Amino acid sequence: MSTNLTVILNDRPGELARLGELTGEAGVNIEGLAAFTGDGKGVIHLLVADNDAARCRRALEGGGMGIADERPVLVVNLEDRPGTLGELTRQLADANVNIDLAYTAFGGVKVVIATEDFENATAALEGPAASRLDEVAGGRSIWDQPA
């Protein structure tokens, strides 16, 4: 199983390094990552194994990083050829599944998909696509970070 943690950082040098150090010290392997910045903040999507999610959360919050969201995600293997993203997302669209988040993961060609409609997403990817589906998972404001 895999979990996506949405982590909020201050947008300054060294914060992503600190995130990597904190997760490494906690023994958490990052399986995928997407990072964006804006308005002085960094928004990081971390893909971790489901059994590492609580330990990852504790390590990051202990380091003063905010967790905006924690949710199960689908991790889907894709064939490395043109058009596979379109084929995969068409299957989901035809099943009326709205994708909330998508990014690539480490180790091969994989896409991480978050959706509120896990049941239809999983059903849409069963059958011929089933071999592609690796996993189905799942106080203060996090925006108010110390300077």
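Residues numbered from 1 in each chain as written. Predicted model: local features only at pLDDT ≥ 70, side-chain atom pairs only at ≥ 80, totals over all residues. Heavy atoms only, no water.

With that out of the way, let us pick up the nonpolar core. By size, the foremost hydrophobic cluster in this structure holds 15 residues, and its most contacted members are Leu-5, Val-7, Leu-19, Leu-46, Cys-56, Leu-60 and Met-65. Elements with a minimum of two residues in this core: strand 1 (2-10), helix 1 (15-25), strand 3 (41-49) and helix 2 (53-62). Discounting chain neighbours no more than four positions away, the residues touching Leu-46 are Thr-3, Asn-4, Leu-5, Val-7, Leu-19, Thr-23, Ile-30, Gly-32, Leu-33, Cys-56, Leu-60 and Tyr-103. (Core = buried A, V, L, I, M, F, W, Y, C linked by side-chain atoms within 4.5 Å. Buried < 20%, exposed > 50% of the residue type's maximum accessible area, 1.4 Å probe, protein only. Helix = DSSP H or I, 4+ residues; strand = E, 2+ residues; numbered from the N terminus. Contact = heavy atoms within 4.5 Å.)

Moving on, we get to the confidence of the model for the protein chain. Mean pLDDT for the protein chain: 84, with 83% of residues reaching 70 or above. In the model, residues 135-143 has pLDDT below 50 throughout and makes 32 contacts with residues more than four positions away in sequence or in other chains. (pLDDT = per-residue confidence, 0-100.)

The next subject is the environment of Arg-58. Mapping Arg-58 onto the fold places it in helix 2. For Arg-58, a relative accessible area of 57% translates into the label exposed. Sequence separation between Arg-58 and Ala-26 is 32 residues, and the spatial gap between their C-alpha atoms is 8.9 Å.

Picture the strands of a sheet paired through backbone hydrogen bonds; they go either parallel or antiparallel. The antiparallel open sheet is built from four strands, whose spatial order is 2-3-1-4. Pairing within the sheet leaves two strands with one partner each, and these edge strands are strand 2 (30-38) and strand 4 (66-72). Each strand axis lies, on average, 15° off the axis of its neighbour in the sheet, ignoring direction. Bridge count between strand 2 and strand 3: eight bridges; the pairing is antiparallel. Bridge pairing in strand 3 links Ala-34 to His-45. Here helix 1 sits on the sheet and contacts strand 1, strand 2 and strand 3; the angle it forms with strand 1, its principal contact strand, is near 140°. (Pairing = 2+ DSSP bridges. Axes fitted to C-alpha atoms, helices over the stretch in contact; angles between N-to-C directions.)

A separate point is unusual backbone geometry. Its identity is not glycine, yet Asp-39 carries a phi of approximately 55°, on the positive side. With respect to the helices, strands and loops of the structure, Asp-39 is situated in the loop between strand 2 and strand 3. Residue Asp-39 is classed as exposed on the basis of its relative accessible area of 84%.

Below, the discussion takes up helix 2. Among all positions in helix 2, only Ala-53, Cys-56, Ala-59 and Leu-60 are buried. Taken end-on, helix 2 shows its buried residues confined to a sector of 130°, consistent with a single buried face. For helix 2, the exposed residues set more than 90 degrees away from the buried face come down to Arg-58 and Gly-62. Residues of helix 2 that are buried in the fold lie against strand 1, helix 1, strand 3 and strand 4. Phi turns positive one or two residues past the end of helix 2, at Gly-64, with a value near 85°. (Arc of directions from axis to C-beta.)

Moving on: the side chain of Arg-71. Among the structural elements, Arg-71 can be located in strand 4. Reaching out from Arg-71, the side chain makes a polar contact with the side chain of Asp-100 at a distance of 2.9 Å. (Polar contact = N/O pair within 3.5 Å; in protein donor to acceptor, adjacent residues only side chain to side chain.)

Before going further, it helps to examine helix 1. Looking at helix 1, one finds that the buried residues are Glu-15, Leu-19, Leu-22 and Thr-23. The buried residues of helix 1 all sit within an arc of 95° when viewed along its axis, so they share a single face. Lining the buried residues of helix 1 we find strand 1, strand 2, strand 3 and helix 2. Positive backbone phi, at 75°, marks Gly-27, one or two positions downstream of helix 1.

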